[in-house]
Amino acid sequence: NATGIGYPDITRPNINAEKIALSSLDAKVVLVQFWSAAEASQKMFNLDVLKPVYDKFHSKGFEIYQVSLDTDKTLWARVVKDQKLPWISVCDSRGAASPYVTLYNIPSVPATFIISGGELVDGKVIDSKSLENLLAKLLK
């Protein structure tokens with residue numbers, strides 16, 4: 001009698017080696033982002049876009065589940081610690097060979113998905129304004 005979900009579930013370890021399932025999150029809206037800690041532009045996106053939006057909307061029911069596709073787990077863990085990322089950050093060190101790349105049809109990183117009400121939501125996230133506008137609608 002398991003409850004169905006409208007997205008492929010992900011379970012990967014965080015920097016403390018604790019496996020966290022995407023389906024275990026209790027948030028109204030979850031941003032799922034596949035990224036690479038090796039890419040400077042993606043590290044800047046964390047600081048310039050995701051962190052301010054997370055700080056603004058987290059208390060209203062917003063969570064981020066960020067999946068690194070870096071094969072170098074040490075690099076990923078260092079970036080998470082150095083940037084003091086407050087959200088859930090997990091790593092799939094299989095990189096491009098990760099089954100989640102196929103399940104989510106990811107041609108390149110970063111790739112961002114929004115889940116609201118247990119379903120994938122159609123919405124583009126390209127900057128803080130587009131993300132804030134989407135969250136304002138979904139978190140009414």
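This text goes with the structure placed above it.
Here's what I pulled together on the structure shown here. (Residues numbered from 1 in each chain as written. Predicted model: local features only at pLDDT ≥ 70, side-chain atom pairs only at ≥ 80, totals over all residues. Heavy atoms only, no water.)

## Let's talk about the packing of aromatic side chains
Okay, so step 1: Applying the stated rule across the entire model yields 5 aromatic pairs.
Okay, so step 2: Pairing Phe34 with Phe113 gives two aromatic rings, centres 6.2 Å apart and planes at 85 degrees, and the pair type is edge-to-face. You can see Phe34 sitting in strand β3 (residues 29-35) and its partner Phe113 sitting in strand β6 (residues 111-116), a full 79 residues away along the chain.
Okay, so step 3: Put simply, the rings of Phe34, Tyr104 and Phe113 touch in pairs and so form one group of aromatic residues.
Okay, so step 4: Between the NZ or CZ atom of Lys60 and the centre of the ring of Phe57, over which it lies, the distance is 5.2 Å. (Phe/Tyr/Trp six-rings, centres within 6.5 Å; stacked < 30°, edge-to-face > 60°. Helix = DSSP H or I, 4+ residues; strand = E, 2+ residues; numbered from the N terminus. Lys NZ or Arg CZ within 6 Å of the ring centre and 35° of its normal.)

## Considerations on the layout of surface pockets
Okay, so step 1: If you add up the space inside the largest pocket, you get close to 350 Å³.
Okay, so step 2: Surrounding the largest pocket, 16 residues form its lining, Thr112, Phe113, Gly123, Lys124 and Val125 being those nearest its centre.
Okay, so step 3: Breaking the lining of the largest pocket down by element, the ones donating at least two residues are α1 (40-57), β6 and β7 (119-121).
Okay, so step 4: Residue composition of the lining of the largest pocket, grouped by class: 9 nonpolar, 5 polar and 2 charged. (1 Å grid on protein atoms, 1.4 Å probe; cavity = no way out; pocket = protein on both sides within 12 Å on 5 of 7 lines; lining within 4 Å. Points joined across faces, edges and corners; volume = space filled by probe spheres on them. Nonpolar A, V, L, I, M, F, W, Y, C, P; charged D, E, K, R; others polar.)

Limitation: the analysis is restricted to geometry and does not speak to function.
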